[in-house]
Amino acid sequence: MTPIDTRELRRAFGTFATGVTVVTTRSDDGVPHGATVNAFTAVSLDPPLAQVTLTRTSRAARYLEGAPFAINILSLEQMNVAQHFAGKVMAEEPDWTVDGTVPVLTKNAATLECRPWNIYDGGDHIIVVGEVIAMEITQRPPLLFFGGKFREIGRLVEGAPWDHSGDAPESGWFAGSSSFKPFNSL
């Protein structure tokens, strides 16, 4: 097999539009830290779990083992905050609330406060799963990332909306199948 070119792989990953988050936590001495992360995933509704993936070399990754954290889902007006926590430090520190269990940024589109659930090996990254214990949702539009650039939501694509995932047990489509083809035979 031909080795994968990491630049091309990064470019392929970049074709998947994502939201932008900043994961915040405290160091052992109580100092707040954060890292910009676009690898965020909803994991489970019951129990309520969310996942972020951070490069092992990020400072915030060092403080997450066994520590509560927040996933700050950034709003469109927070592009400078995303850049700040990605290493392009702003002259003024972003606004955050540091008096709760975890430091939380202000003006987010949404915020998920989590207690540690588990950490997994993800190669040059760590996969951090947290149990959501508190959340806040605002009306602010989210900041998006696509093709190595920040974006905003575009027009609504018309189509049939649905109330649940197509592979949910209540949808019935999966239950009627009695045979499956392995992926390698497709």
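Structure shown above.
Everything numeric in this text was worked out from a predicted model, so none of it was measured.

## Remarks on the packing of aromatic side chains
Logical step 1: One pass over the structure, following the stated rule, counts two aromatic pairs.
Logical step 2: Considering the side-chain rings of Phe 145 and Phe 150, the 5.4 Å spacing of their centres and the 65° angle between planes classify their relative orientation as edge-to-face.
Logical step 3: On the basis of relative accessible area, Phe 150 is assigned to the partly exposed category, the value being 26%.

## Looking at the environment of Leu 144
Logical step 1: Of note, Leu 144 is situated in strand S11 (residues 144-146).
Logical step 2: Taking the C-alpha atoms as reference points, Leu 144 and Thr 18, 126 residues apart in sequence, are found 5.7 Å from one another.
Logical step 3: Discounting chain neighbours no more than four positions away, the residues touching Leu 144 are Thr 18, Gly 19, Val 20, Lys 149, Phe 150, Arg 151, Glu 152 and Ile 153.

## A look at the side chain of Gln 78
Logical step 1: With respect to the helices, strands and loops of the structure, Gln 78 is situated in the loop between strand S6 (69-73) and helix H3 (79-85).
Logical step 2: Side-chain polar atoms of Gln 78 contact the backbone nitrogen of Ser 75, separated by 2.7 Å.
Logical step 3: In terms of polar contacts, Gln 78 uses its side chain to reach the backbone carbonyl oxygen of Thr 106, at 2.8 Å.
Logical step 4: Setting aside chain neighbours within four positions, we find Gln 78 in contact with Ile 73, Leu 105, Thr 106, Lys 107, Asn 108, Ala 109 and Leu 143.

## What about the sheet that holds strand S1 (residues 18-19)?
Pairing between sheet strands relies on hydrogen bonds along the backbone, with the strands arranged either parallel or antiparallel.
Logical step 1: Taken together, the three strands give an open sheet; going across it, the order is S1-S11-S12, and neighbouring strands pair in antiparallel fashion. Only two strands of the sheet have a single neighbouring strand rather than two, namely S1 and strand S12 (149-151).
Logical step 2: Here S11 pairs with S12 via three bridges, running antiparallel. Within the sheet, the bridge partner assigned to Phe 146 lies in S12 and is Lys 149.

## Regarding the pattern of salt bridges
Side chains that differ in sign of charge can pair as their charged atoms come close.
Logical step 1: Per the stated rule, a full pass over the model turns up five salt bridges.
Logical step 2: Between Asp 121 and Arg 56 there is a salt bridge; the shortest N-O distance is 2.5 Å. Linking Asp 121 in strand S9 (residues 110-122) with Arg 56 in the loop between strand S5 (49-55) and helix H2 (59-63), this pair joins segments that are 65 residues apart in sequence.
Logical step 3: The exposure class of Asp 121 is exposed, given its relative accessible area of 61%.
Logical step 4: According to the relative accessible area criterion, Arg 56 is partly exposed, its value standing at 40%.

## As for the pairing of S6
Logical step 1: Judged by how many residues are buried, S6 sits mostly within the fold: five of five residues are covered.
Logical step 2: With burial as the criterion, each face of S6 is covered, one bearing Phe 69, Ile 71 and Ile 73 and the other bearing Ala 70 and Asn 72.
Logical step 3: In this structure, strand S2 (residues 21-26) lies alongside S6, joined through four bridges in antiparallel fashion. Following the sheet pairing, Val 23 is matched in S6 by Ile 71.
Logical step 4: One ladder, built from five bridges, connects S6 with S9; its direction is antiparallel. Residue pairing for S9: Asn 72 is matched across the bridge by Thr 111.

## Regarding unusual backbone geometry
Logical step 1: With an omega dihedral of 5°, the bond running from Asp 46 to Pro 47 counts as a cis peptide bond.
Logical step 2: Positive phi values are uncommon outside glycine, yet Lys 107 reaches one of about 70°.
Logical step 3: Within the secondary structure, Lys 107 sits in the loop between strand S8 (104-105) and S9.

## With respect to the sheet that holds strand S4 (residues 40-44)
Logical step 1: Spatially, S3-S2-S6-S9-S10-S5-S4 is the arrangement adopted by the seven strands of the open sheet, whose pairing is antiparallel. Strands at the two margins of the open sheet, each flanked by one partner only, are strand S3 (32-37) and S4. Averaged over neighbouring strand pairs, the angle between their axes works out to 35° when direction is ignored.
Logical step 2: Relative to S3, S2 runs antiparallel, the two being bridged by six bridges. Bridging across to S3, Val 23 finds its partner in Ala 35.

Scoring rules and cut-offs
- Residues numbered from 1 in each chain as written.
- Predicted model: local features only at pLDDT ≥ 70, side-chain atom pairs only at ≥ 80, totals over all residues.
- Heavy atoms only, no water.
- Phe/Tyr/Trp six-rings, centres within 6.5 Å; stacked < 30°, edge-to-face > 60°.
- Buried < 20%, exposed > 50% of the residue type's maximum accessible area, 1.4 Å probe, protein only.
- Helix = DSSP H or I, 4+ residues; strand = E, 2+ residues; numbered from the N terminus.
- Contact = heavy atoms within 4.5 Å.
- Polar contact = N/O pair within 3.5 Å; in protein donor to acceptor, adjacent residues only side chain to side chain.
- Pairing = 2+ DSSP bridges.
- Salt bridge = Lys/Arg side-chain N within 4 Å of Asp/Glu carboxyl O.
- Axes fitted to C-alpha atoms, helices over the stretch in contact; angles between N-to-C directions.

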